[in-house]
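Architecture and fold: a report
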Amino acid sequence: QVQLVESGGGLVQAGGSLRLTCAASGRSYFGMGWFRQAPGKEREFVAAISRDGDSTYYADSVKGRLTFSRDSTKNTVYLQMNSLRPEDTAVYYCAATNKLIATISEMYAYWGQGTQVTVSS
């Protein structure tokens, strides 16, 4: 069984930064992803990183502002979020997939409980 625990969310002003952390217990050799869901909207893909950490994908809306990294020795992934905008406000979910890397939520078998990110204007 795999458990994912996110942390690092909070309230920040537009232009500010946050770093989200997702700690995984159990098996560690997963592709990992971040998704987000804003009120009244469907969950959307944010970023993905391959099992070995060599490849990353980002949604167009966050490219150049977010950086996804992993520390396999700690079974932990990080999402550094810079230049945050009010439209980034959402609950952010960490997820793990048995695929090498994936951008579609249906490919992820394990999910965290989510962490709230709120960006004020």
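What this report covers is the structure whose coordinates are included nearby.

Calculation criteria
- Residues numbered from 1 in each chain as written.
- Predicted model: local features only at pLDDT ≥ 70, side-chain atom pairs only at ≥ 80, totals over all residues.
- Heavy atoms only, no water.
- Helix = DSSP H or I, 4+ residues; strand = E, 2+ residues; numbered from the N terminus.
- Rg over C-alpha atoms; globule rule 2.2 N^0.38 Å.
- Disulfide = S-S within 2.5 Å.
- Phe/Tyr/Trp six-rings, centres within 6.5 Å; stacked < 30°, edge-to-face > 60°.
- Buried < 20%, exposed > 50% of the residue type's maximum accessible area, 1.4 Å probe, protein only.
- Pairing = 2+ DSSP bridges.
- Axes fitted to C-alpha atoms, helices over the stretch in contact; angles between N-to-C directions.

1. Focus: the overall build of the protein chain
- Looking only at helices and strands, one finds zero helices and eleven strands in the protein chain.
- When the helices and strands of the protein chain are listed from N to C terminus, the series reads β-β-β-β-β-β-β-β-β-β-β.
- Here the protein chain has a C-alpha radius of gyration of 13 Å; the compact-globule value for 121 residues is 14 Å, and the two agree.
- Dimensions of the protein chain, computed from the C-alpha atoms along their principal axes, are close to 40 × 25 × 25 Å.

2. Quick word on the state of the cysteines
- Enumeration according to the criterion identifies one disulfide in this entry.
- Put simply, C22 and C94 are joined by a disulfide, and their sulfur atoms are 2.1 Å apart. Taking the sign of the S-S torsion, -80 degrees for the link of C22 and C94, the bridge is left-handed. Highlighted residues: C22 in strand β3 (residues 18-25) and C94 in strand β9 (residues 90-97), separated in sequence by 72 residues.

3. A look at the packing of aromatic side chains
- By the definition in use, this model includes six aromatic pairs.
- An angle of 65 degrees between the planes, with centres 5.5 Å apart, marks the rings of F30 and Y110 as edge-to-face. One end of the pair, F30, is in the loop between β3 and β4 (31-37); the other, Y110, is in strand β10 (residues 110-111), and 80 residues separate them in sequence.
- Residue F30 is classed as buried on the basis of its relative accessible area, which comes to 1%.

4. Quick look at the sheet that holds strand β7 (residues 66-71)
- Overall, antiparallel pairing links the four strands, which are arranged β1-β3-β8-β7 in an open sheet. Of all strands in the sheet, those with a lone pairing partner are β1 (3-7) and β7, marking the two edges. Going across the sheet, the axis of each strand differs from the next one's by a mean of 15 degrees, ignoring polarity.
- By the bridge criterion, six bridges tie β7 to strand β8 (residues 76-81) in an arrangement that is antiparallel. Across the sheet, residue D71 finds its bridge partner in β8, namely T76.

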